[in-house]
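Breakdown of the fold
This is what each chain is made of:
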Amino acid sequence: MNSVANNTSSNNLHLVTALQEERSAVWALYCQLAEMKPFSSENAIRPMLSEFSQLLIDYISFGHFSIYEHLIAEKQHQTSALSHAEKIYPAFSSITASAVTFSDTYDDGRRKFNTANLAQDLSLLGERLAERMELEDRLCSMLLH
């Protein structure tokens, strides 16, 4: 039984570490993008924006489908943890939708976009990502305990 608990703890730690690594990569690229202001040349920013959008979707998906769903599956018999996770879910899901919308707007070049809105959209996304990180930290804490 102790071996099963150790394996679960190890798996949970691995998930949390992987999430933190993805989060760091997204945030680093976000900061690089934000520093490119003013966004006057669409061609200069497009490759980095494409890379960021792909990384953003990977990160958001990992948090949503790996961390959140793993927590729900693992804590299914702990009503307080489930209740807390269910309270977090609407905000978590809303932030996921915001990130997907950003990515769809500024994707890999399949459509032309107006850089005039990019600074405002990046700022809003940054605020939402900061909220997301706080929620993830709470979910990760529940997963590790």
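Just above sits the structure.
Cut-offs applied
- Residue numbers run consecutively from 1 along every chain, following the written order of its sequence.
- Local features in this predicted model are restricted to residues whose pLDDT is 70 or higher, and side-chain atom pairs enter the listing and the counts only when it is 80 or higher, whereas totals over whole chains, interfaces and linings include all residues.
- The side-chain values count all of the structure's non-hydrogen atoms but skip hydrogen atoms and water molecules.
- Starting at the N terminus, helices and strands are each numbered in turn, a helix being any DSSP run of H or I of at least four residues and a strand any DSSP run of E of at least two.
- Whether two residues are in contact is decided by their heavy atoms: any pair within 4.5 Å suffices.
- Residue exposure ignores everything except the shown protein chains as possible cover, and the areas themselves are Shrake-Rupley values with a 1.4 Å probe.
- Stacked, tilted and edge-to-face pairs are distinguished by plane angle, under 30 degrees for stacked and over 60 for edge-to-face with tilted covering the rest, among Phe, Tyr and Trp rings (Trp via its six-membered ring) whose centres lie within 6.5 Å.
- The classification of residues rests on relative accessible area computed with a 1.4 Å probe and restricted to protein chains. Under 20% of the type maximum is buried, over 50% is exposed, and intermediate values are partly exposed.
- For a Lys NZ or an Arg CZ to count as sitting over a ring, it must be within 6 Å of the ring centre and within 35 degrees of the ring normal.
- Here the nonpolar core consists of buried residues drawn from Ala, Val, Leu, Ile, Met, Phe, Trp, Tyr and Cys, with membership extended through side-chain atoms lying within 4.5 Å.
- One less than the residue count of a helix, multiplied by 1.5 Å, gives the span that helix is expected to have.
- At every residue, the bend is computed as the angle between two fitted axes, covering the seven residues ending there and the seven beginning there respectively.
- A carboxyl oxygen of Asp or Glu within 4 Å of a side-chain nitrogen of Lys or Arg is what we treat as a salt bridge.

On to the overall build of the chain, then. Each helix and strand in the chain was counted, giving 4 helices and 0 strands. Its helices and strands taken in sequence order, the chain reads α-α-α-α from the N to the C terminus. Relative to all contacts within the chain whose residues are 6 or more apart in sequence, the contacts with residues 24 or more apart total 79%. When the accessible surface of the chain is split by element, carbon and sulfur atoms take 52% of a total near 8,100 Å².

Moving on: the packing of aromatic side chains. Within this structure, the stated rule accounts for 6 aromatic pairs. Both rings, one in Tyr68 and one in Tyr89, keep their centres 4.9 Å apart while their planes meet at 40°; by these two values the pair is tilted. Taken as a pair, Tyr68 in helix H2 (residues 42-74) and Tyr89 in helix H3 (residues 79-105) lie far apart in primary sequence, 21 residues in all. A relative accessible area of 8% places Tyr68 in the buried class. Summarising the aromatic geometry, the rings of Phe102 and Tyr106 are spaced 5.0 Å apart at their centres and angled 45° between planes, so their arrangement reads as tilted. For the pair formed by Phe102 and Tyr106, the shared burial category is buried. Here the guanidinium or amino end of Arg132 rests over the ring plane of Phe92, the centre of that ring lying 3.8 Å away.

With omega at -5°, the peptide bond leading from Lys37 into Pro38 counts as cis. Along the polypeptide, Pro38 turns up in the loop between helix H1 (2-34) and H2.

Counting residues in hydrophobic clusters, the biggest one holds 36 residues, and the most contacted among them are Phe52, Leu56, Phe102 and Leu139. Put simply, the parts of the chain that give this core at least two residues each are H1, H2, H3 and helix H4 (118-144). For Phe52, the residues in contact, after removing those within four places along its chain, are Val26, Leu29, Tyr30, Leu33, Phe102 and Leu125.

Next up on the list: H3. Along an α-helix, residues three or four positions apart point the same way, because every turn accommodates 3.6 residues. The terminal C-alpha atoms of H3, which comprises 27 residues, lie 39 Å apart, in line with the 39 Å expected from a rise of 1.5 Å per residue. At Tyr89, H3 is bent by approximately 35°, the largest bend along its length, and proline Pro90 sits one to four residues beyond. Turning to H3, its buried residues number three or more, namely Ala81, Leu82, Ala85, Ile88, Phe92, Ile95, Thr96, Ala99, Phe102 and Ser103.

Our focus in this paragraph is the pattern of salt bridges. Where charged atoms of side chains with opposite charge meet at close range, the side chains can pair. Across all of its chains, the model carries 4 salt bridges by this definition. A salt bridge links Arg23 to Asp137; the nearest nitrogen and oxygen atoms lie 2.8 Å apart. A residue pair is termed long-range when its members are at least 10 positions apart, and Arg23 in helix H1 and Asp137 in helix H4 qualify at 114 residues. The salt bridge partner of Glu136 is Arg132, with a shortest N-O separation of 3.0 Å. Linking Glu136 with Arg132, this pair stays in helix H4, spanning 4 residues, or about one helical turn.

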